Amino acid sequence: MYQQIAWTVTLFLVFLIALAFSFVYGESKRLNEYGPIQKKGYKIRKYYFIGILAVMAIISAVTLTRLPYHHEAAAEDYKSVDVEGIQFAWNMSEDKFVVGEPIEFRVTSTDVTHGFGLYDENLQLIAQTQAMPGYTNSVYHTFDKPGKYQILCMEYCSVGHHIMVKEIIVTDSERGNE
C-alpha cells in the first residue's frame, strides 16, 4: 500500500515539474521584459516549494508512525531474555512467552554483526535491533497474540546467513495453550 502511495505521489510531483518546465519554456518564447516573468516565476516557485514541504511532512508523519521501531519505556516488570547471535544460530535464554508479558530482548553477538529481526506468523517485521560483538542492545516488545514467531538475521553474516532462524512460541497462558 505504501509503495502505491509513494508511486502515485512521485508521478504527481514529476507531472508538476513537467508543468513548471513547460511554463518556463513557453514563457521563454515570448519577447517580453524579463522582470515580470521573473516575479511570476519566483511566486510560483515559492508556492511549489511550500507545497512540496507540506506533502513531504504529511508523508513522513504517516509513514514514520508505522515503522516497527517503537520504543516501549523500560520497566522493572519486563522479563529479561538474553539473545546471542552466533554464526549461524540464535542462542536464547528463553524461547517460550505468554501473551501480554512484557519482554526485554538483550541482544549481542559473539562473532560478527547480525541483525535481530522479530517477525510474526505473516513474516511482518515487528521489532528489530543490531547484534554486535562486545555490545548489548535492548529491544522491548509485548506480544499481543499467540502463535509462532521467528527471529531472522537481517545482516548478511556469511554463507550460512539464510539458515540463521529461531522460532519462538507465544501462548495464551502460563500452561502453554496456544
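Residues numbered from 1 in each chain as written. Predicted model: local features only at pLDDT ≥ 70, side-chain atom pairs only at ≥ 80, totals over all residues. Heavy atoms only, no water.

Peer 1: Help me understand the packing of aromatic side chains in this model?
Peer 2: Any aromatic ring pair is given by two values, namely how distant the centres are and how the planes are angled relative to each other. Overall, the coordinates contain six aromatic pairs when judged by the stated rule. Here phenylalanine 97 and phenylalanine 143 contribute two aromatic rings whose centre-to-centre distance is 5.9 Å and whose plane-to-plane angle is 20 degrees, an arrangement assigned as stacked. Of this pair, phenylalanine 97 sits in strand β3 (residues 96-98) while phenylalanine 143 sits in the loop between β7 (137-142) and β8 (147-153), and the two are 46 residues apart along the sequence. Exposure remark for phenylalanine 97: the relative accessible area of 1% places this residue in the buried category. Among the aromatic side chains, those forming a connected cluster through ring pairs are Trp90, Phe97, Phe105, Phe116, Phe143 and Tyr149. In this arrangement the basic side chain of lysine 46 is found over the ring face of tyrosine 47, its NZ or CZ atom lying 5.4 Å from the centre. (Phe/Tyr/Trp six-rings, centres within 6.5 Å; stacked < 30°, edge-to-face > 60°. Helix = DSSP H or I, 4+ residues; strand = E, 2+ residues; numbered from the N terminus. Buried < 20%, exposed > 50% of the residue type's maximum accessible area, 1.4 Å probe, protein only. Lys NZ or Arg CZ within 6 Å of the ring centre and 35° of its normal.)

Peer 1: How should I be thinking about unusual backbone geometry in this particular structure?
Peer 2: Here the residue pair glutamine 87 and phenylalanine 88 is connected by a cis peptide bond, since its omega of 10 degrees sits within 30 degrees of zero. Locating phenylalanine 88 in the fold gives a position in the loop between β1 (79-86) and β2 (89-92). For leucine 123, which is not glycine, the phi torsion reads 60 degrees and is therefore positive. Within the secondary structure layout, leucine 123 lies in the loop between β5 (114-119) and β6 (125-131). Unlike most non-glycine residues, serine 158 shows phi in positive territory, near 135 degrees. With respect to the element layout, serine 158 can be found in the loop between β8 and β9 (165-171).

Peer 1: What's the story with the nonpolar core in this structure? I'm lost.
Peer 2: As a rule of thumb, soluble globular proteins bury nonpolar side chains together. Of all hydrophobic cores here, the largest spans 22 residues; its most connected members are Trp90, Phe97, Phe105, Phe116, Leu118 and Phe143. The set of elements that each furnish at least two residues to this core consists of β1, β2, β4 (102-109), β5, β6, β8 and β9. (Core = buried A, V, L, I, M, F, W, Y, C linked by side-chain atoms within 4.5 Å.)

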